[in-house]
Amino acid sequence: MQIFNTKTLRLSGCIFVSWLALNSAIAYSQIVDVGLLHYHKIPEVLVSVNSGEYELWGDGAKIIDLPYDAIISIRINRQTIEVKGLNSNLGYYHGVHLKSIKKLGTLKLRAVKNPPVSNLYDGEIMVSVGEDKLTIVNRVDIDNYVAGVVEKEIGPSANMEYYKIQAVMARTYALGNLNRHNSDGYQVCDEVHCQAYDGKSTRRRDIIIATAATAGIVLADKKGELILAAYHSNCGGETRDAAQAWKSSRDYLQPIKDTFCLDARSAKWEHTITREDWDNYVSQFISDDTYEVSKAMVCFYQGKRLTYYKSNGVEIPIKQIRRDWRLRSSFFDIEEYSDGTIIFSGRGYGHGVGLCQQGALKMTELGYGYREVLSFYFKDIRLVSHSDVD
Ligand SMILES: [Zn+2]
Ligand SMILES: [Zn+2]
């Protein structure tokens, strides 16, 4: 009897998860057109069916059914696309479409060079002639896309609750940026310019479950508009006001004190340079010819995050110092050792705005839920269904 009960419970759980994923897909699914290999000049790709059933269409008409694992070559040939099967020439077209005739299918796409690629993609693939290259588009359900983005960004070693955080942020970003590549013939690209994406999430099932469990959920501000879901690796103990880092401020991107990330690996760093290099650098920002940089003391502390380095009458934007010296963050102090070495003692990693990933991960390990974590880092935001956002 006990065994029967256990089996029943396990079975019920499985049915619930499957129903949840299915129901979420029906209720919230939205298609996204992702431009693949956006920055590369790809002359030829090889595609094949990995799962599901597909047809190959060219210029609006069906060419053939695509059998499982059959490899199709799609190659640019002047202003057309040449399509070949293993032993057959399938013709020349302006655009080809690998159409799924069952809802859940997966395609394998390989590029031989510029650069070599071999990825799996959920959904469909469309290829057309771009400027001296193929334009390759993956038409994919948003939750498959979000799972792929989360896997690329986070990898397989986080926990379920943390994956939910990244899934909500990735979905919010995607839905807020669907017009970014209108002129390219798709909605978002697969590079960090939009969000990095190498196709299907395959390395950790928790990523797919976390994405399904948050299906349709996005972050909105007090006015009900999608937020800019900024995040960084480690804030060093205090997140940064968006106005300090960028040109515009956001009500929800305010500085907060964060103790959760202080033991993480990126919490502290150091960078040393010579006094001579520092003097040469600082002298660029001085217009007074009589100012003797070499006699000035070097001493600068950020108890809380500041916008400018100000010392000895010199003023330099901190984000510029970070960029010029390639520092891990803009949250640093500067001191001079007795041997003349200048040391930057820094905290955190990244721009510091919005959610601190290492702090958020620690919060989930301590038992905080994804909603609590997102509300901790983004001030006065709401988690809403995308269908409720204008
Ligand atoms: Zn982009
Ligand atoms: Zn932090």
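Residues numbered from 1 in each chain as written. Chains lettered and ligands numbered in written order. Predicted model: local features only at pLDDT ≥ 70, side-chain atom pairs only at ≥ 80, totals over all residues.

## Here's the deal with the overall build of the chain
So, step 1. Of regular secondary structure, the chain possesses nine helices and 23 strands.
So, step 2. For the chain, the C-alpha atoms occupy an extent of roughly 80 × 70 × 40 Å along the three principal directions.
So, step 3. Within the chain, the fraction of its 390 residues that count as buried is 38%.
So, step 4. Residue pairs in contact within the chain that sit at least 24 positions apart in sequence constitute 68% of those at least 6 positions apart. (Helix = DSSP H or I, 4+ residues; strand = E, 2+ residues; numbered from the N terminus. Buried ≥ 20, exposed ≤ 12 C-beta atoms within 10 Å, placed from the backbone. Contact = placed C-beta atoms within 7 Å.)

## Structural notes on the pairing of strand β20 (residues 332-336)
So, step 1. As judged from the two bridges shared by strand β17 (residues 299-300) and β20, these two strands associate in the antiparallel manner. Across the sheet, Phe300 pairs through a bridge with Ile334, a residue of β20.
So, step 2. In this structure, β20 lies alongside strand β21 (residues 341-347), joined through five bridges in antiparallel fashion. The residue of β21 that forms the bridge with Asp333 is Ser345.
So, step 3. The antiparallel hairpin formed by β20 and β21 contains four residues in its connecting segment, where Gly340 sits at a positive phi of about 90°. (Pairing = 2+ DSSP bridges.)

## Regarding the domain arrangement of the chain
So, step 1. Here the chain is described as being made up of domain 1 (31-142), domain 2 (216-262 + 351-388) and domain 3 (268-347).
So, step 2. Averaged C-alpha coordinates put domain 1 and domain 3 at centres separated by 52 Å. (Domains from an automatic or database assignment.)

## Observations regarding helix α9 (residues 370-377)
So, step 1. Within the span of α9, buried status applies to Tyr370, Val373, Leu374 and Tyr377. Burial along α9 is one-sided: seen end-on, the buried residues are contained in an arc of 95°.
So, step 2. Each element contacted by the buried residues of α9 is listed here: α3 (160-176), β14 (217-220), β22 (355-356), α8 (357-365) and β23 (382-385). (Arc of directions from axis to C-beta.)

## Quick word on the sheet that holds β17
So, step 1. What the four strands build is an open sheet, ordered β16-β21-β20-β17; its pairing is antiparallel. At either margin of the open sheet sits one strand with a lone partner, and together these are β16 (268-274) and β17.
So, step 2. The sheet strands contacting helix α6 (residues 275-283) are β16, β20 and β21, and the helix crosses β16 at an angle near 85°. (Axes fitted to C-alpha atoms, helices over the stretch in contact; angles between N-to-C directions.)

## Details of the packing of helix α2 (residues 142-154) against α3
So, step 1. Where α2 meets α3, the closest approach of the two axes is 9 Å, and the angle between their N-to-C directions is 120°. With respect to α3, the element α2 is oriented oblique. Crossing angle aside, the handedness with which α2 passes α3 is right-handed. Where α2 approaches α3, its residues Ile142, Tyr145, Val146, Val149, Val150, Glu153 and Ile154 are matched on the opposing element by Tyr163, Gln166, Ala167, Ala170, Arg171 and Ala174. (Parallel < 35°, antiparallel > 145°, perpendicular 65-115°, else oblique. Left-handed = near helix turned anticlockwise from the far one by under 90°.)

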